[in-house]
Amino acid sequence: MNQLADDCFNQVDDLMSTAEALAILRQRIVAVTQDRLEQLPLAQALGRILAQDVTSVLDVPPHDNSAVDGYALRHDDLVVDGPSRLTVLGRSAAGHPHDGRLETGQAVRIFTGAVMPEGTDSVVMQEDVARTEDHITIPPGLALGANRRHRGEDTRRGDVVLGRGRRLRPQDLGLAASVGQGQLNLYRPLRVAVFSTGDELAEPGAELPAGAIYDANRYILVALITALGAKVSDLGILPDDADAVRAGLVAAAAGHDLLLTSGGVSVGDEDHVRGAVEALGHLHFWRLAIKPGRPLALGQVGNAAFVGLPGNPVAAMVCFLRFARPLILGLAGAVDLDPVLYRVTSDFDYEKKPGRREWLRARLERQGGTGPSAVLFRPQGSGIINSLVQTHGLVEIAEDVTRVKAGELVDFLPFDEVAS
Ligand code: AMP
Ligand code: MG
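Residues numbered from 1 in each chain as written. Chains lettered and ligands numbered in written order. Predicted model: local features only at pLDDT ≥ 70, side-chain atom pairs only at ≥ 80, totals over all residues. Heavy atoms only, no water.

K.L.:
Please clarify how the sheet that holds strand S18 (residues 282-287) should be interpreted in this entry.
P.N.:
Strand pairing in a sheet takes place through backbone hydrogen bonds and is either antiparallel or parallel in direction. Taken in spatial order, the 6 strands make up an open sheet running S16-S13-S17-S21-S20-S18, and their pairing is mixed. What marks the edges here is a single partner per strand, and that holds for strand S16 (231-238) and S18. Across the sheet, the axes of successive neighbouring strands diverge by a mean angle of 15°, strand direction being ignored. Sheet analysis places strand S17 (residues 258-262) next to strand S21 (residues 304-309), joined by 5 bridges and oriented parallel. Its bridge partner lying in S21, serine 262 is registered against leucine 309. Sheet strands touched by helix H4 (residues 217-227): strand S13 (191-197), S16, S17 and S21. Its angle to S13, the strand with the most contacts, is close to 170°. (Pairing = 2+ DSSP bridges. Helix = DSSP H or I, 4+ residues; strand = E, 2+ residues; numbered from the N terminus. Axes fitted to C-alpha atoms, helices over the stretch in contact; angles between N-to-C directions. Contact = heavy atoms within 4.5 Å.)

K.L.:
I would appreciate a short explanation of the nonpolar core in the present structure.
P.N.:
General note: in soluble globular proteins, nonpolar side chains tend to be found buried as a group. Core analysis: the biggest nonpolar cluster contains 49 residues, and Leu260, Leu296, Val307, Leu309, Phe320 and Phe323 have the highest contact counts within it. Within the residue set of this core, elements represented by two or more residues are helix H2 (18-28), S13, H4, S17, strand S20 (295-301), S21, helix H7 (313-331) and helix H9 (415-418). With 12 residues, H7 is the single largest residue contributor to this core. Not counting residues within four places of it along the chain, the set of residues in contact with leucine 309 comprises Leu221, Leu260, Thr261, Ser262, Gly263, Val265, Leu296, Ala316, Cys319, Phe320 and Ala324. Listed in part, the 17 residues of the second largest apolar core include Phe195, Val273, Ala297 and Val301. (Core = buried A, V, L, I, M, F, W, Y, C linked by side-chain atoms within 4.5 Å. Buried < 20%, exposed > 50% of the residue type's maximum accessible area, 1.4 Å probe, protein only.)

K.L.:
Which parts of the structure should I look at to understand the side chain of arginine 74?
P.N.:
Along the chain, the position of arginine 74 falls in the loop between strand S4 (70-73) and strand S5 (84-92). Side-chain polar atoms of arginine 74 contact the backbone oxygen of leucine 102, separated by 2.5 Å. Discounting residues that sit within four places of it in the chain, arginine 74 has contacts with Arg101, Leu102, Glu103, Thr104, Gly119 and Asp121. (Polar contact = N/O pair within 3.5 Å; in protein donor to acceptor, adjacent residues only side chain to side chain.)

K.L.:
For this particular structure, what's the right way to read the pattern of salt bridges?
P.N.:
Working definition: two side chains of opposite charge can pair if their charged atoms are close together. The tally for this structure, following the rule as stated, stands at 22 salt bridges. The salt bridge partner of aspartate 215 is arginine 218, with a shortest N-O separation of 2.6 Å. As far as burial versus exposure is concerned, aspartate 215 and arginine 218 are alike and both buried. Via salt bridges that share partners, Glu203, Asp215, Arg218 and Asp234 belong to a single interconnected network. (Salt bridge = Lys/Arg side-chain N within 4 Å of Asp/Glu carboxyl O.)

This is how it looks when you write it as structure tokens:
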């Protein structure tokens, strides 16, 4: 192949930028789960998307309480410039409040999380007092309100604690529980069908025919989509045959919101996916100014959206994380679609062509007292699955950058941010 023909980035002008592609995706996403709701117990809601705000009907904590084990007292009773002596009367333990009001000169034995008895405003830690029988002696210096947690300091009655469209994390379930919410209103999971394409693909576990490779992409993609809270149908491998691809896509379109394929979307003779989607519905074929990746097909088959990812495993995963993931989250009703990129120090020199965005697989290492440094994995080929495995994430290099020097800051997308 001659070099000119091989240089697919000669006509940079024809290519779509990542920002453009993401903006178009964002504009066109309509949550298809909008009117498909279900109510589930909290314990089953992890990773799912809230269909309704959760509003607190109470203050949390519901009462002033102690932050330590010690003695609850009235700050006014304390001597300013010397030790104070108080009489201990009764106790307040977590779940067992003291009933009764404190009189001048009295203190109540109290434990962490126990309700502050009426009339008390401060707590002295047990380590700081000398106790003899029914009396304690307190050194001077205790601040007014010390070790007292206030009613409503975490959540106030009427606060929206979790917003519609939020994808629930473990701590979100804890917050919902703290306001007494036992059930949550959720969008039903998005239904996603995943296919691999290619006559060369074989199922792991089976014998490898001559000229074949094992299908890796489907295992990556099914797991990534499952982790997003969607319901995935693993529909296997489509052969390089126009009729079979068409039949497979049509059958899947009936019961799914999104069809996702990998491979078969470049311009080779055996790339039938593109033609099949074009024949069945609409296809927008995006030539993205990115590496790895480039061809990304988006379209519609019946009522299902369609995304065709590149075939090379690294390109498939990178394109999934950057383009298909926000699409899936948006269709599923999520509000927060964009991953957070972190700034880390480059450990490497790198030169690239202008006009395209690149993602490099890198490990994070701590070197000396500085923050993490990104160390490139070698080789970086888009078929090197080990480059996804031996690393922590992707260094993202913007279109206009042509060289990165060791010691400079670069954007980093940790796999943990998007692949779990
Ligand atoms: P394609 O876009 O179909 O031409 O595929 C590009 C490259 O990715 C080829 O080397 C394919 O063999 C490889 N490939 C496609 N699909 C898969 C898959 N599911 N698992 C592993 N490699 C794949
Ligand atoms: Mg193929």
